[in-house]
Amino acid sequence: MSTVTGTEPGPTHEVELAISGMTCASCAARVERKLGKLDGVTATVNFATEKAKVTYPAELDPDRLVGQVEAAGYSTALPAQSTSADQPNGGTSTDTEDPTTALRDRVLISAALSVPVIAMAMLPLLQFTYWQWISLTLAAPVVVWGAWPFHRAAWTNLRHGAATMDTLISMGTLAAFAWSLYALLFGDAGMPGMTHPFELTIRPTDGAGNIYLEVAAGVTTFVLAGRYFEARSKRRAGAALRALLELGAKEVAVFRDGREQRIGTEQLVEGDRFVVRPGEKIATDGVVEEGNSAVDASMLTGESVPVEVGVGDSVVGATVNDGGRLVVRATRVGSDTQLAQMAKLVEDAQNGKAAVQRLADRISAVFVPAVILLALAALAFWLLAGAGAAAAFTAAVAVLIIACPCALGLATPTALMVGTGRGAQLGILLKGPEVLESTRRIDTVVLDKTGTVTTGQMSLVAVHTVGAEEAEALRLAGAAEQASEHPIAKAIANGAAERLGALPTVDEFTNVEGLGVQAVVDGEAVLVGRPALLEQWSQPLPDELAAVRTDAERQGRTAIAVAWAGAARAVLEVADTVKPTSAEAIAELRGLGLSPVLLTGDNESVARSVAAEVGIDEVIAEVLPRDKVDVVTRLQHDGRVVAMVGDGINDAAALAKAELGLAMGTGADVAIQASDLTLVRGDLRVAADAIRLARRTLGTIKGNLFWAFAYNVAALPLAAAGLLNPMIAGAAMGFSSVFVVGNSLRLRRFRSTTTQTPVRVEADRPVPASIDA
């Protein structure tokens, strides 16, 4: 990355430029350097995605960015301003035309012409009279037309005083062809009956009788084939992002002018009401205003079980309506939708660079000139050593060909593309490649309790009665609590309705603030709330229920007293509930070498109870929301490298402070913005998946870079020593690139450990809560 900042920082803008004409990592480095020469400009150019992410001062004319790129010898244009507003995906093109078709045709034609040339050069039996002139006839189109992209790029770079990988290929193939032409026209190679064996070793010769047409044609074909497979693999690597962008609905039935009409989704505006019929995709993010249904969100979240939605529930664009008819009011459209934001996060991550890539960038910038010097040195050495012009020339050309840093330039971006794309499919959004380094170092994971380890919703978990039936207590208490908006009241009403069905209507309802409610149900006066409310009506808890209340509160649960017919007859226990997968998630985090810490504002007994249930030993309780960041800081001062998992507004600062922040996508937007990784689902197991995927991606990048470096380090001395035929060098160079891309594509096979997860959690595993009625 090249960064040049002005003396006084001011407001900046950001733009993404599509760069055409780049052929290797050296090209990307040169564009970066050129853009970085403008004051205040920061540029990151990604060779694999062929895009430049540029931050520039507000006062700078963006047309100057285009001018800098063109001055470097490449093509670009500023993105159209209307794109993000018009396209649901936020302006990212989803053009499905395969750009590799023309390259494939060039490879096939070159291969058809090269195979006879190589066969005749390698097999003396095929070296009939004047075979060398047939080879020239077949090889010439390959070297001129087949290798034209390399020659054109090399000439463009030469005019701008630069050298890239194409320079090496062009120089090598043209040198081999020119030498062969010289030998045929002015040496002994054109004589009738000329033959020569295919050799890999050095031997003294004057070179006048040797031709290298098989090298010129073979290297061109091998490199073209490598480029084709590389381009196809890159396209496959980006398929996850393209699939994500194409998930959205194309048309929608919207209510306008008092009637229903179908329009393109790009014409939707915030506030529009639209219909979603069974089997249709929801056009954009919104709120259900009519109807009930089950929505399949698996394409976005990986969640296999449809989510039940009704009036007032939020729905996300691109999810599928599996059940009844819904009427939805659009709340976010265009680039503001969750789908567009997911795509933007994925694309930003793919366009960035991990720290490990910077070394490769620095090496690529100086690699090509160094290789040209090495080739000249090899040529001069073997000439002075008396090995002969042919041997010296072979060594020089082999150095040029084998050194092409294809694998070096592809090592990081292809792994990032595949890893982030696979993460998006699993509901894991990586904000940037820098996150990969953090996942390797963390040793402690701090978990917020409410909404992360637990559901964050109160549930009815137990009913205790004295002198009454459990069903009767539930019927009266649930009916009385139906009219209250308090979370605990809702938990009781919902729990009663789930067990009994429809509840009776209520008369004379009164909410007694801070104590509970009183109502008349089927002619029966009912009190539901704190024991203090019952005592006001001279209906204290009997000893048996008082003991139940004490035991419940000792466990951190909320005990709600119920009285009717002039006496206290029941205690209901209400608590937050552990997510069914939390204990499994904690075990997986431990398996990754992480020490879990539970962080909560609840009291110590509540926290200890939750921690014991899910398998956490270290608990930090009774922490005020504003003090969570201090806890993270203290852990860091103790030498621990911290990951923080949270979902609320009060977690945002701690998420930003931690070395790695993971936000539950079901939480607050500010928490998601402050995090490094976003987990689209509320399943804590996805946090373990995210860390495993990030570590796997980083490991793949390092493996790719090792292969690229080791390949060049091992092969260059062999080439300079004349022990590597240029044609085989070309094949090996192409193979190295294909190997690196293929190794990256293995990330597509990454599997989540999560299994089918119920969306609505039954209240059969209570967790303490410290919320008073």
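Below is a summary of the structure that appears in this document.

Conventions used here
- Residues numbered from 1 in each chain as written.
- Predicted model: local features only at pLDDT ≥ 70, side-chain atom pairs only at ≥ 80, totals over all residues.
- Heavy atoms only, no water.
- Helix = DSSP H or I, 4+ residues; strand = E, 2+ residues; numbered from the N terminus.
- Buried < 20%, exposed > 50% of the residue type's maximum accessible area, 1.4 Å probe, protein only.
- Contact = heavy atoms within 4.5 Å.
- Areas by Shrake-Rupley, 256 points an atom, 1.4 Å probe, with all protein chains shown as cover.
- Pairing = 2+ DSSP bridges.
- Core = buried A, V, L, I, M, F, W, Y, C linked by side-chain atoms within 4.5 Å.
- Axes fitted to C-alpha atoms, helices over the stretch in contact; angles between N-to-C directions.
- Parallel < 35°, antiparallel > 145°, perpendicular 65-115°, else oblique.
- Left-handed = near helix turned anticlockwise from the far one by under 90°.
- Nonpolar A, V, L, I, M, F, W, Y, C, P; charged D, E, K, R; others polar.
- Phe/Tyr/Trp six-rings, centres within 6.5 Å; stacked < 30°, edge-to-face > 60°.
- Lys NZ or Arg CZ within 6 Å of the ring centre and 35° of its normal.
- Salt bridge = Lys/Arg side-chain N within 4 Å of Asp/Glu carboxyl O.
- Lys, Arg positive; Asp, Glu negative; His and termini not counted.

### Observations concerning the overall build of the protein chain
Part 1 of the argument: Scanning the protein chain for helices and strands turns up 27 helices and 27 strands.
Part 2 of the argument: Across the 773 residues in the protein chain, those meeting the buried criterion constitute 54%.
Part 3 of the argument: For the protein chain, long-range pairs separated by at least 24 residues make up 71% of all intrachain contacts whose partners lie at least 6 apart in sequence.
Part 4 of the argument: When the accessible surface of the protein chain is totalled, it reaches about 31700 Å², and 56% of it is carbon and sulfur.

### A word on the pairing of strand S20 (residues 558-564)
Part 1 of the argument: Counting buried positions along S20 yields 7 of 7 residues, so the element is predominantly enclosed.
Part 2 of the argument: For strand S19 (residues 524-529) and S20, the ladder comprises 4 bridges, and the chain directions are antiparallel. Pairing of Leu527 across the sheet is with Ala563, part of S20.
Part 3 of the argument: Looking at chain direction, S20 and strand S21 (residues 567-578) are connected through 7 bridges and run antiparallel.

### What to know about the nonpolar core
Part 1 of the argument: Formed by 51 residues in total, the largest nonpolar core has its most connected members in Leu447 and Leu662.
Part 2 of the argument: The element that contributes the greatest number of residues to this core is helix H26 (residues 685-720), accounting for 10 residues.
Part 3 of the argument: When sequence neighbours within four positions are dropped, the list of residues in contact with Leu447 reads Val453, Ile586, Leu589, Pro596, Val597, Leu598, Leu599, Ile616, Val645 and Leu684.
Part 4 of the argument: Judged by nonpolar contacts, the second largest core, of 32 residues, contains Leu136, Ala147, Phe150 and Ala216.

### Side note on the packing of helix H21 (residues 582-591) against H26
Part 1 of the argument: For the pair H21 and H26, interaxial distance at closest approach is 8 Å and the crossing angle is 25°. Judged on the interaxial angle alone, H26 and H21 are roughly parallel. H21 and H26 meet at a crossing whose hand is left-handed. Along its contact with H21, which presents Glu584, Ala585, Glu588 and Leu589, the element H26 presents Arg685, Ala688 and Ile691.
Part 2 of the argument: Tallied by class, residues from the contact of H21 with H26 come to 4 nonpolar, no polar and 3 charged.

### Considerations on the sheet that holds strand S8 (residues 285-290)
Part 1 of the argument: With antiparallel pairing, the 6 strands of this open sheet are ordered in space as S6-S5-S7-S13-S8-S11. Pairing within the sheet leaves two strands with one partner each, and these edge strands are strand S6 (259-264) and strand S11 (314-315).
Part 2 of the argument: Summarising the sheet, S8 and S11 pair through 2 bridges and their orientation is antiparallel. Paired with Gly286 across the strands is Val315, a residue of S11.

### A few points about the packing of aromatic side chains
Part 1 of the argument: On inspection of all chains with the given rule, the structure shows 1 aromatic pair.
Part 2 of the argument: Ring geometry for Phe381 and Trp382: centres 5.0 Å apart, planes at 80°, overall edge-to-face.
Part 3 of the argument: Above the ring of Trp145, the side-chain terminus of Arg106 is found at 4.6 Å from the ring centroid.
Part 4 of the argument: Above the plane of the ring of Trp564 lies Arg569, whose end atom (NZ or CZ) is 5.9 Å from the centre.

### Focus on unusual backbone geometry
Part 1 of the argument: For Asp522, which is not glycine, the phi torsion reads 50° and is therefore positive.
Part 2 of the argument: Its location among the elements puts Asp522 in the loop between strand S18 (516-521) and S19.
Part 3 of the argument: Even without being glycine, Ala565 reaches a positive phi, approximately 55°.
Part 4 of the argument: Residue placement: Ala565 occurs in the loop between S20 and S21.

### A closer look at the environment of Leu460
Part 1 of the argument: Looking at the element boundaries, Leu460 is found in strand S16 (residues 454-465).
Part 2 of the argument: Using a relative accessible area of 3% as the deciding quantity, one classes Leu460 as buried.
Part 3 of the argument: Through-space distance from the C-alpha of Leu460 to that of Thr558 is 9.7 Å; in sequence the pair is 98 residues apart.

### Some words on the pattern of salt bridges
Part 1 of the argument: Counted by the stated rule, this structure contains 18 salt bridges.
Part 2 of the argument: The partner of Arg104 in a salt bridge is Asp105, and the shortest N-O contact between them spans 3.7 Å.
Part 3 of the argument: On the basis of relative accessibility, which here comes to 36%, the residue Arg104 falls in the partly exposed class.
Part 4 of the argument: In this structure, the salt-bridge partner of Arg692 is Asp689, at a minimum N-O distance of 2.9 Å. Of the two residues, Arg692 and Asp689 both sit in helix H26, 3 residues apart, roughly one turn of that helix.
Part 5 of the argument: For Asp689, a relative accessible area of 2% puts it in the buried group.
Part 6 of the argument: A single salt-bridge network, built from bridges that share partners, covers Arg273, Glu289, Glu290 and Arg329.

### Quick notes on the side chain of Arg106
Part 1 of the argument: Within the fold, Arg106 resides in helix H4 (residues 101-122).
Part 2 of the argument: It turns out Arg106 is buried and unbridged, and the closest side chain with the opposite charge, Asp105, is 9.0 Å from it.
Part 3 of the argument: Apart from residues no more than four positions distant in its own chain, Arg106 is found in contact with Trp145, Gly146, Trp148, Pro149 and Leu224.

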